[in-house]
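Fold and contact review
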Amino acid sequence: MFGKRLTTGGLAALLIGALSACGGGGGDNAGTRSASDPGRSSTSTAQQAQPTPDTVTGLRDSVRHLAKRTAKGTRPHTVTKCTSATEKVRHTSGSGSGSKKKTRTWYTTETHRKCAKVRRGTETYTRIVRRERWCVSLDDVGGNTAKDDVWYQVTRAAYDEARTADEHARVEFTPTGTGC
């Protein structure tokens with residue numbers, strides 16, 4: 001019993017030591033910062049608006065709108081077909097006990113429906129061949145002059161904003177996809 005307590009106590013001490021070496025519990029460690037380190041104050045990093053990693057910046061090159069393309073298609077048309085069926089059901093009822101026990105038996109006919117989907121001709125429907133897309137091409141993506149003519153799929157609002165911007169104006173947006 002003393003060995004189990006010693007092992008448990010040793011594991012707890014080891015765990016506490018490991019957690020305190022790793023920083024102890026998160027937070028911003030504001031209590032451990034010194035006054036001589038002004039570059040690491042908690043207010044300077046929180047108030048600066050930094051772009052998210054999925055935001056793209058560059059010079060507007062061209063824009064492209066690809067309309068939705070549809071086509072007519074045919075598929076089997078199914079209908080529900082039901083058939084009525086009858087079944088003879090046996091019923092029994094007992095009364096009494098011992099040598100005076102009587103069993104009464106009678107039959108009834110119950111009707112039930114059996115339904116299934118069956119093919120009955122074809123039907124015409126409209127299928128989408130290509131979704132509607134709005135695309136913007138950028139030069140100098142992320143400030144890299146080697147990245148030119150990169151196409152991004154964008155939302156309708158970002159497309160309208162880029163379309164009205166001047167040629168080679170700096171634009172920033174969050175793409176919904178790459179390529180066009």
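Please refer to the structure placed before this passage.
Analysis parameters
- Numbers given for residues are sequential positions, taken from 1 along each chain in its written order.
- Where totals are concerned, whole chains, interfaces and linings use all residues; where local detail is concerned, this predicted model gives features only for residues with pLDDT of at least 70, and gives and counts side-chain atom pairs only at 80 or more.
- Here the side-chain values reflect all heavy atoms present in the structure, with hydrogen atoms and water set aside.
- Note on aromatic contacts: the rings of Phe and Tyr and the six-membered ring of Trp form a pair at centre separations within 6.5 Å, being stacked when their planes are under 30 degrees apart, edge-to-face when over 60 apart, and tilted otherwise.
- Starting at the N terminus, helices and strands are each numbered in turn, a helix being any DSSP run of H or I of at least four residues and a strand any DSSP run of E of at least two.
- The rule is simple: take the accessible area with a 1.4 Å probe, protein chains only, and divide by the maximum for that residue type; under 20% is buried, over 50% is exposed, in between is partly exposed.
- Note on criteria: charge over ring means Lys NZ or Arg CZ within 6 Å of the ring centre, with the direction from the centre no more than 35 degrees off the ring normal.
- What is meant by a nonpolar core is a set of buried Ala, Val, Leu, Ile, Met, Phe, Trp, Tyr and Cys residues, joined one to another through side-chain atoms within 4.5 Å.
- Throughout, a contact is declared for two residues whenever any of their heavy atoms are within 4.5 Å.
- The criterion for strand pairing is that DSSP finds at least two bridges linking the strands in question.
- Note on geometry: axes are lines fitted to C-alpha atoms, helical ones only across the stretch in contact, with angles between N-to-C directions running from 0 to 180 degrees.
- Salt bridges are defined as contacts in which a side-chain nitrogen from Lys or Arg sits within 4 Å of a carboxyl oxygen from Asp or Glu.

**Structural notes on the packing of aromatic side chains**
Scanning the entire structure with this criterion turns up one aromatic pair. Residues tyrosine 152 and phenylalanine 173 carry aromatic rings whose centres are separated by 6.0 Å and whose planes lie at 75° to one another, so their mutual orientation is edge-to-face. Here tyrosine 152 is found in strand 5 (residues 150-154), whereas its partner phenylalanine 173 is found in strand 6 (residues 170-173), with 21 residues between them in sequence. Given the relative accessible area of 10%, tyrosine 152 is considered buried. When the ring centre of tyrosine 125 is taken as origin, the NZ or CZ atom of arginine 75, which lies over that ring, is 4.1 Å away. For the cation-ring pair, arginine 104 lies above tryptophan 106, with the distance from its terminal atom to the ring centre recorded as 4.4 Å.

**So, the nonpolar core**
In this structure, Val56, Trp134, Val136, Leu138, Val141, Tyr152, Val154, Ala158, Tyr159, Ala162, Val171 and Phe173 together form the largest nonpolar core, which totals twelve residues. Among the elements of the structure, strand 4 (133-139), strand 5, helix 3 (156-164) and strand 6 are those that each provide at least two residues to this core. Look past the residues within four positions of valine 154 in its chain and what remains in contact with it is Trp134, Val136, Tyr159, Phe173, Pro175 and Thr176.

**A closer look at unusual backbone geometry**
Although it is not a glycine, aspartate 140 adopts a positive phi angle of roughly 50°. Its location among the elements puts aspartate 140 in the loop between strand 4 and strand 5. Even without being glycine, histidine 168 reaches a positive phi, approximately 65°. Structurally, histidine 168 is set in the loop between helix 3 and strand 6.

**Section: the sheet that holds strand 5**
The strand order across the open sheet formed by five strands is 6-1-4-5-7, and the pairing between neighbours is antiparallel. Either end of the sheet is taken by a strand with one partner, and the two such strands are strand 6 and strand 7 (177-178). Where strand 5 and strand 7 come together, two bridges link them in antiparallel fashion. Within strand 7, the residue paired with tyrosine 152 across the bridge is threonine 178. Contacting strand 1 (56-66), strand 4, strand 5 and strand 6, helix 3 crosses the sheet at an angle of about 105° to strand 1.

**Describing the pattern of salt bridges**
In the structure shown here, the tally under the stated rule is four salt bridges. In this structure, arginine 60 and glutamate 167 form a salt bridge, with 2.9 Å as the shortest nitrogen-oxygen distance. Remark: glutamate 167 occurs in the loop between helix 3 and strand 6 and arginine 60 occurs in strand 1; sequence separation between them is 107 residues. Classification of glutamate 167 as partly exposed rests on a relative accessible area of 46%. Among the salt bridges present, the one from glutamate 123 reaches arginine 75, with a minimum N-O distance of 2.9 Å. Of this pair, glutamate 123 sits in strand 3 (residues 102-130) while arginine 75 sits in strand 2 (residues 69-95), placing them 48 residues apart in sequence. Beyond isolated ion pairs, a larger network of salt bridges with shared partners links Arg156, Asp160 and Arg163.

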